[in-house]
Amino acid sequence: MEELSLTTVAGTRDILPEEMPCWHLIEDRARRIFSQYGFLEIRTPLLESTELFARGIGGDTDIVGKEMYTFLDQSGKSITLRPEATASVVRAYVQHAMYRTGGMTKLYYLGPMFRHEKKQKGRWRQFYQVGAEVIGSGHPAVEAEVIEMVMRFVASLGINAGLKVNSVGDRNCRPAYLDLLRHEISRYLPQLCPDCRRRAETNPLRVFDCKTESCQIHIGKLPLIADHLCGDCADHFRRVQGYLQDAGISYEVVPRLVRGLDYYVRTAFEIVSGELGSQNALAGGGRYDGLSEVLGGPATEAFGFAIGLDRMVMLLSQEASSAWLTKPDVVVVHLGEAAFSRAWEVTRELRRQGWTCFMEFSGGSLKSQMRMANRIQASHVLIIGENELSKGQYPIKRLSDSQQWEVSLDELISYLKSTNAPALPGSKSVERSLLD
Ligand code: HAM
């Protein structure tokens, strides 16, 4: 018989329990910081109609052209696993007429995205993003506020990252610039790589993203959008930079910065970390004023970003996240048949009182149960043997300094309260020092 070997699909992976504290820390921090800025969470489906992305992201992008997981459902409708969430959030904004309330709608989301990209370190086919969108304002201070929020989020986790910004123009100035760019690229066309030659036709701005060595000399000679912005776009970009400076945020203007999604106008930005290697983008975003209209909604200005959680986890120090391990306050060790029932009773009582408590049902020797308590980093071990049952006094051992003494159940609870051990996971002191 053929041996069955079922493993994860290429480009996807299991996130195992030992990695989870990192994820919980990042997700909790995002929720706390984003809500401080007035963002509310939205959860949109992983499945959307293919047309949403074809229209929203743009048919000439790599994402729509070759990276989407698309299939026909039972009714013959074309469905796509979302490659990003901005189009979905704007769809939801239009579908639920959120614009009726007027003013800014601030939404954040968190979850998996799917892109059939070439496998590489830091690049997955199922990856996770947390992102935020401000829909309903064209004010340049929105850019500074959102960028400040994401920079604070990143810094609060001890991650060093740089900010790159650019303006990619708008519907007024970009068409003429793209004509000029196409014309200039055509002068070097035979010397360019096949990808550049294709993009020259379909999406010339993306030529700036080419990594091929031999193309760089020609790309370096191409005209830059910065020199062809209309007055309004140039003014908007100047004001964005003014607000960034007011907020004390360092940034670099990178005139060749372009983004892989077609909905951007005016401000585009990326947050990068040198520690990530070739896939150095930690976050990306920008302004997308026309997207709501493209998706059948009213003309609405908007700005947002998404940050890659998989990449954040790669950068997060073990020290920061280990504070988030759920470490038991007490492991109840039991020796003998009769002690089992008492141990289980004590375990349940301690949990009812809010402590994190654990016992090994199959028992084993004192040594093996102590080993388990050490492995899961318990703070204390309570030992219940046949002799202790009648006395109602149990040896307790503090694992940090191996001190041991005897307690009743009531005394144990008073003692735990006096240690101020948190009844919920997470070391409050570490959390606070990271946020300061
Ligand atoms: P994006 O630049 O395509 O933008 O993705 C944002 C971030 O998601 C990237 O900087 C990266 O950290 C992470 N990411 C993207 N692809 C992968 C992958 N294959 N594996 C691991 N991480 C990945 C967007 O998705 C836009 N929706 C952002 C946005 C929101 N713009 C406006 N609002």
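Above this text sits the structure in question.
Residues numbered from 1 in each chain as written. Predicted model: local features only at pLDDT ≥ 70, side-chain atom pairs only at ≥ 80, totals over all residues. Heavy atoms only, no water.

Quick look at the overall build of the chain
Now for step 1: Scanning the chain from N- to C-terminus turns up 17 helices and 16 strands.
Now for step 2: Counting only C-alpha atoms, the chain reaches 90 × 65 × 45 Å along its principal axes.
Now for step 3: Each of the 436 residues in the chain was classed as buried or not, and the buried ones make up 50%.
Now for step 4: For the chain, the proportion of contacts with a sequence separation of at least 24, taken over those separated by at least 6, is 70%.
Now for step 5: Surface summary for the chain: the accessible area is close to 21,300 Å², and the carbon and sulfur share equals 51%.
Now for step 6: Separation of charge centres in the chain, based on 51 positive and 53 negative side chains, amounts to 1 Å. (Helix = DSSP H or I, 4+ residues; strand = E, 2+ residues; numbered from the N terminus. Buried < 20%, exposed > 50% of the residue type's maximum accessible area, 1.4 Å probe, protein only. Contact = heavy atoms within 4.5 Å. Areas by Shrake-Rupley, 256 points an atom, 1.4 Å probe, with all protein chains shown as cover. Lys, Arg positive; Asp, Glu negative; His and termini not counted. Charge placed at Lys NZ, Arg CZ, Asp CG, Glu CD.)

Quick look at the site of the ligand
Now for step 1: As a structural note, the neighbourhood of the ligand is formed by 26 residues, with Glu84, Glu117, Trp124, Glu133 and Tyr264 the closest of them.
Now for step 2: One of the side-chain N or O atoms of Tyr263 is found 3.0 Å from a nitrogen atom in the ligand.
Now for step 3: Between Ala281 and the ligand, the recorded distance is 3.1 Å, taken from a backbone N or O atom to an oxygen atom.
Now for step 4: Here the ligand loses 96% of its free accessible area of 660 Å² to cover by the protein chains.
Now for step 5: Where the shell around the ligand is concerned, the elements lending two or more residues are strand 6 (126-135), strand 10 (281-287) and strand 11 (302-308).
Now for step 6: No other element matches strand 10, which puts five residues into the shell around the ligand.
Now for step 7: A breakdown of the residues in the shell around the ligand according to their chemical character gives 12 nonpolar, seven polar and seven charged. (Near = heavy atom within 4 Å. Polar contact = N/O pair within 3.5 Å; in protein donor to acceptor, adjacent residues only side chain to side chain. Nonpolar A, V, L, I, M, F, W, Y, C, P; charged D, E, K, R; others polar.)

Observations concerning the pattern of salt bridges
Now for step 1: For the structure on display, the rule yields 23 salt bridges.
Now for step 2: The residue Arg352 makes a salt bridge to Glu349 at a minimum N-O spacing of 2.8 Å. Of this pair, Arg352 and Glu349 both sit in helix 13 (residues 337-352), three residues apart, which is roughly one turn of that helix.
Now for step 3: For Glu349, a relative accessible area of 22% translates into the label partly exposed.
Now for step 4: Each of Arg31, Glu41 and Arg43 takes part in one network of salt bridges that share partners. (Salt bridge = Lys/Arg side-chain N within 4 Å of Asp/Glu carboxyl O.)

Quick look at the sheet that holds strand 9 (residues 265-272)
Now for step 1: Pairing is mixed in the open sheet, where eight strands are placed in the order 1-5-6-11-10-9-7-8. Only two strands of the sheet have a single neighbouring strand rather than two, namely strand 1 (40-41) and strand 8 (252-253).
Now for step 2: Where strand 7 (residues 162-167) lies against strand 9, six bridges are found, and the strand directions are antiparallel. Each bridged residue has a counterpart across the sheet, and for Lys164 the counterpart in strand 9 is Glu270.
Now for step 3: Contacting strand 5 (105-114) and strand 6, helix 4 (residues 86-95) runs over the sheet at an angle of about 45 degrees to strand 6.
Now for step 4: Helix-sheet contacts for helix 5 (residues 140-156) involve strand 5, strand 6, strand 7, strand 9, strand 10 and strand 11, and the interaxial angle to strand 11 is about 15 degrees. (Pairing = 2+ DSSP bridges. Axes fitted to C-alpha atoms, helices over the stretch in contact; angles between N-to-C directions.)

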